[in-house]
Amino acid sequence: MSTSRALRIFEERYRSISSDIYKFCEACNHTPTWQQRQLLDAVMQGKRKIAVRSGQGPGKTRTAALVGLFRLIRAPYAKLIVTAPTMKQCKDAWLGEVTILLREADPFVAKLFDVTATAIGVCGCKPKDWGALLSTSATTEGAQGQHRKDMDIIADEASGIDRGILEQYSGTLTN
């Protein structure tokens, strides 16, 4: 196969999974439940703030992992901040689910991401340049200084995060 043909195939596949979250789910070998579809639909509609009601078993963390990875590949050099009350929650819950998801995904998708203990790089970039960073903030100052045109924040277990920190992140996103 010629290099130009291989590049064309890569670009077509990348464009497909980065423009439709359901195609991304398919490439990750994940079939969303009706509850998960509600969240995925909100993401595809471009909703800026999405809250998910708590409950046991509907796959909130799996869906948050899918959404986070999808949002990272939507735009070059996108940034994702994942925060929770403790780093253990960030690592064990969210990043743990990402690891499982990528293990089950099509190799094409899995190779797009480089997962470390506290971050995810995309397409060979350092996580701070294009990727996801896990962060817990004890103060609102710790949540400051995060800026990027294509930036998202996932607050896992948001009820346990100080309201001031959530407001700081919210203000960052409006900029």
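Residues numbered from 1 in each chain as written. Predicted model: local features only at pLDDT ≥ 70, side-chain atom pairs only at ≥ 80, totals over all residues. Heavy atoms only, no water.

Description of the overall build of the protein
Heads up, the rule is: Numbering of helices and strands starts at the N terminus; helices are DSSP runs of H or I of at least 4 residues and strands are runs of E of at least 2. Classification of residues uses two cut-offs on accessible area relative to the type maximum, computed with a 1.4 Å probe and protein chains only: under 20% is buried, over 50% is exposed, and between them is partly exposed. Working definition of accessibility: Shrake-Rupley area with a 1.4 Å probe, residue cover restricted to the visible protein chains.
Per the secondary structure count, the protein includes seven helices and five strands. Ordered by position in the sequence, the α and β elements of the protein form the string α-α-α-α-β-α-α-β-β-β-β-α. For the protein, the residues scored as buried account for 38% of the 175 residues in total. Put simply, the protein shows about 10,000 Å² of open surface, and 49% of that area lies on carbon and sulfur atoms.

Some remarks on helix α3 (residues 34–44)
Let me state the cut-off plainly: It is the directions from the helix axis to the C-beta atoms whose arc is reported. Contacts: residue pairs with any heavy atoms within 4.5 Å of one another.
Listed in full, the buried residues belonging to α3 are Gln-36, Leu-39, Leu-40, Ala-42 and Val-43. Looking down the long axis of α3, one finds its buried residues gathered within 155° of arc, a one-sided arrangement. Facing away from the buried side of α3 by more than 90 degrees, the exposed set consists of Trp-34 and Gln-38. Residues of α3 that are buried sit in contact with α2 (21–27) and α4 (60–74).

Notes on the nonpolar core
Put simply, the rule is: Among the buried residues, those of types Ala, Val, Leu, Ile, Met, Phe, Trp, Tyr and Cys that are joined through side-chain atoms within 4.5 Å form a nonpolar core.
One finds Phe-24, Trp-94, Val-109 and Phe-113 to be the most contacted residues of the largest nonpolar core, which totals 39 residues. Counting residues per element, this core draws most heavily on α4, at eight residues.

As for the side chain of Thr-83
The condition is simple: Identification of polar contacts relies on pairs of N or O atoms within 3.5 Å, with a donor-acceptor requirement for protein atoms, meaning one able to donate a hydrogen and the other able to accept it, and with residues adjacent in sequence counted only if both atoms are side-chain atoms.
Mapped onto the elements of the fold, Thr-83 is located in strand β1 (residues 79–83). In this structure the side chain of Thr-83 is engaged in a polar contact, spanning 2.7 Å, whose partner is the backbone oxygen of Ser-135.

A word on the packing of aromatic side chains
Each aromatic ring pair is described using two quantities: the centre-to-centre distance and the angle formed by the ring planes. As a reminder, the rule being used: Ring pairs are drawn from Phe, Tyr and Trp, using the six-membered ring of Trp, whenever the two centres fall within 6.5 Å, and their geometry is named by plane angle: stacked under 30 degrees, edge-to-face over 60, tilted for the rest.
All chains considered together, the criterion is met by four aromatic pairs. Between Phe-10 and Tyr-14, the ring centres sit 5.9 Å apart and the planes meet at 20°, which makes this aromatic pair stacked. Note that Phe-10 and Tyr-14 are positioned in helix α1 (residues 3–19) at a spacing of four residues, about one turn of the helix. With a relative accessible area of 15%, Tyr-14 lands in the buried category. Measuring from ring centre to ring centre gives 6.0 Å for Phe-24 and Phe-70, while their planes differ by 50°; the resulting arrangement is tilted. Taken together, the positions of Phe-24 in helix α2 and Phe-70 in helix α4 put the pair 46 residues apart, joining distant regions of the chain. With respect to class, Phe-24 is no different from Phe-70; both count as buried. Members of the aromatic cluster, connected to one another through ring pairs, are Phe-10, Tyr-14 and Phe-108.

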